[in-house]
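Letter by letter, the chains look like this.
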Amino acid sequence: MAIGALQGVSQGQGFVDRRELYDSGVHRALQAGIVGRGKVGAESIVLSGGYVDDEDYGSVVIYTGEGGRDQNSGRQIANQSFSRGNQALVTSCLEGTPVRLVRKMNVEGNDVSGPKYRYDGLFHVESYWQETGLDGHQVCRFRLVDERAYQGYLGSNSPTELNHSTSARRVESVVQRVVRDTALGRRVKELHDYTCQVCGGRLHCVGGPYAEAAHIRPVGRPHNGPDDLSNLLCLCPNHHVLLDRGALVIDQNWNVQPLATKLRMVDRHKLDPAQTSYHWSIWRNESD
DNA sequence: GGGCCCGCAGGG
DNA sequence: CCCTGCGGGCCC
């Protein structure tokens, strides 16, 4: 029942089997890959290589949700939904709470007695979406980033001062909305005079207006959206969040659904319909 | 607090 | 390859 780091457990620590992981409290399940509750968030996940759709890049992990899987063959035989453990990971994303990540190691040679699992520290659920998996069914997917990588993005000089329960959400926001907010981000905001393309709102702060540059198709793996104007919107914070989390999608006619309002356009800013169509594809089942 | 469902085991 | 199975989450 503990979220975050555990006393007496060090990063990189090995565990012989799932029973030892269970007893240590690192991952309190003998079989399931996700431990956590829908309304509280996830505690821990195990990356075992059992899912064909998983991608492990070290500090970035693309994790496939649970469910719809044939126990024996290991193949997806039904669609997944954002429920159970998948809902727990969504909650971790929305709340910004860290998740313990355990990797199953490929044991070299015949050393059966050695540790088969390794605790690899805390990860943040940066985003979630769904897509058609390699086996042809809808799967839930999660982009997890090593918390140390986050601190690297931020250039933080005191990683240990980060309080996960209170500041992680803000950390995530900074990564998505400020660090990537370069000259291009300023450009798109100037083109729209800091007016939200969804609601037309313009936030007047002391010192000037505030808006956010939002990528339609996310940049970085696995989405690999382009970091250019044709993939950027000028949005207020609320509609930025709703777009990123799939509550808003943009259809072929530039209507924002389910609001049924037209995306506000200006002549000098052309969008690429391929990007809105990609965004649609990863959220089509959730937005109706 | 009991019953039910389900899962990124593990071993034979 | 098959099957037994432990225990968490969740809904009564």
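As the structure is a prediction and not an experimental result, all values here were calculated from the model.

Draft legend 1. Layout of the overall build of chain A. Of the regular secondary structure elements, chain A holds 7 helices and 15 strands. Within the span of chain A, comprising 288 residues, buried residues form 47% of the whole. Counting contacts in chain A only where the partners sit at least 6 residues apart, residues at least 24 apart contribute 59% of the total. Summed over all atoms, the accessible surface of chain A reaches about 14000 Å², with 48% contributed by carbon and sulfur.

Draft legend 2. Structural detail: the side chain of H223. Mapped onto the elements, H223 comes out in the loop between β11 (212–215) and β12 (232–235). H223 sits in the buried class, given a relative accessible area of 2%. The residues contacting H223, other than those within four sequence positions of it, are W129, R217, P218, Y278 and I282.

Draft legend 3. Region of the structure containing the protein's contact with DNA strand B. Around DNA strand B, the structure places 23 residues, and the nearest of them are R18, G33, S48, T64 and Y117. Of all atoms in DNA strand B that approach within 4 Å of the protein, 64% are sugar or phosphate atoms. In the environment of DNA strand B, a base oxygen lies 2.3 Å from a nitrogen or oxygen atom belonging to the side chain of S48. For DNA strand B, a base nitrogen lies 3.2 Å from a polar atom in the side chain of D54.

Draft legend 4. Summary view of helix α2 (residues 84–95). Here α2 is 12 residues long and its end C-alpha atoms lie 17 Å apart, about the 16 Å a rise of 1.5 Å per residue gives. Of all the residues in α2, the buried ones are G85, N86, A88, L89, V90, T91, S92 and C93.

Draft legend 5. Summary view of the pattern of salt bridges. Counting across every chain of the model gives 12 salt bridges. Note that D135 is salt-bridged to R75, the shortest N-O span being 3.0 Å. Separated by 60 residues along the polypeptide, D135 in the loop between β7 (117–132) and β8 (138–146) and R75 in the loop between β5 (60–64) and α2 bring together distant segments of the chain. On the basis of relative accessible area, R75 is assigned to the partly exposed category, the value being 48%. Connected through salt bridges with shared partners, the residues D56, R103, R118 and D120 form a single ionic network.

Draft legend 6. Geometry of the protein's contact with DNA strand C. Lining the immediate surroundings of DNA strand C are R19, Y22, R28, L30, Q31, V35, G36, R37 and G38. A share of 85% is what sugar and phosphate atoms reach among the atoms of DNA strand C within 4 Å of the protein. A distance of 2.4 Å separates a phosphate oxygen of DNA strand C from a polar atom in the side chain of Y22. For the surface near DNA strand C, the elements supplying multiple residues, two or more each, are α1 (18–24) and β2 (34–37). Sort the elements by how many residues they give to the surface near DNA strand C and β2 lands first, with 3 residues. A breakdown of the residues in the surface near DNA strand C according to their chemical character gives 3 nonpolar, 3 polar and 3 charged.

Draft legend 7. Looking closely at unusual backbone geometry. That bond from R221 to P222 is cis: its omega, 0 degrees, falls within 30 degrees of zero. Along the polypeptide, P222 turns up in the loop between β11 and β12. Residue P258 follows Q257 across a cis peptide bond; omega there is 5 degrees. Tracing the chain through its elements places P258 in the loop between β14 (255–257) and β15 (261–262). Despite not being glycine, N224 has its phi angle at roughly 60 degrees, a positive value. Tracing the sequence through the fold places N224 in the loop between β11 and β12. One non-glycine residue, W254, lies in positive phi territory at about 65 degrees.

The rules we used
- Residues numbered from 1 in each chain as written.
- Chains lettered and ligands numbered in written order.
- Predicted model: local features only at pLDDT ≥ 70, side-chain atom pairs only at ≥ 80, totals over all residues.
- Heavy atoms only, no water.
- Helix = DSSP H or I, 4+ residues; strand = E, 2+ residues; numbered from the N terminus.
- Buried < 20%, exposed > 50% of the residue type's maximum accessible area, 1.4 Å probe, protein only.
- Contact = heavy atoms within 4.5 Å.
- Areas by Shrake-Rupley, 256 points an atom, 1.4 Å probe, with all protein chains shown as cover.
- Near = heavy atom within 4 Å.
- Polar contact = N/O pair within 3.5 Å; in protein donor to acceptor, adjacent residues only side chain to side chain.
- Expected span 1.5 Å × (residues − 1).
- Salt bridge = Lys/Arg side-chain N within 4 Å of Asp/Glu carboxyl O.
- Nonpolar A, V, L, I, M, F, W, Y, C, P; charged D, E, K, R; others polar.

Function-wise, these values are silent; they only describe arrangement.
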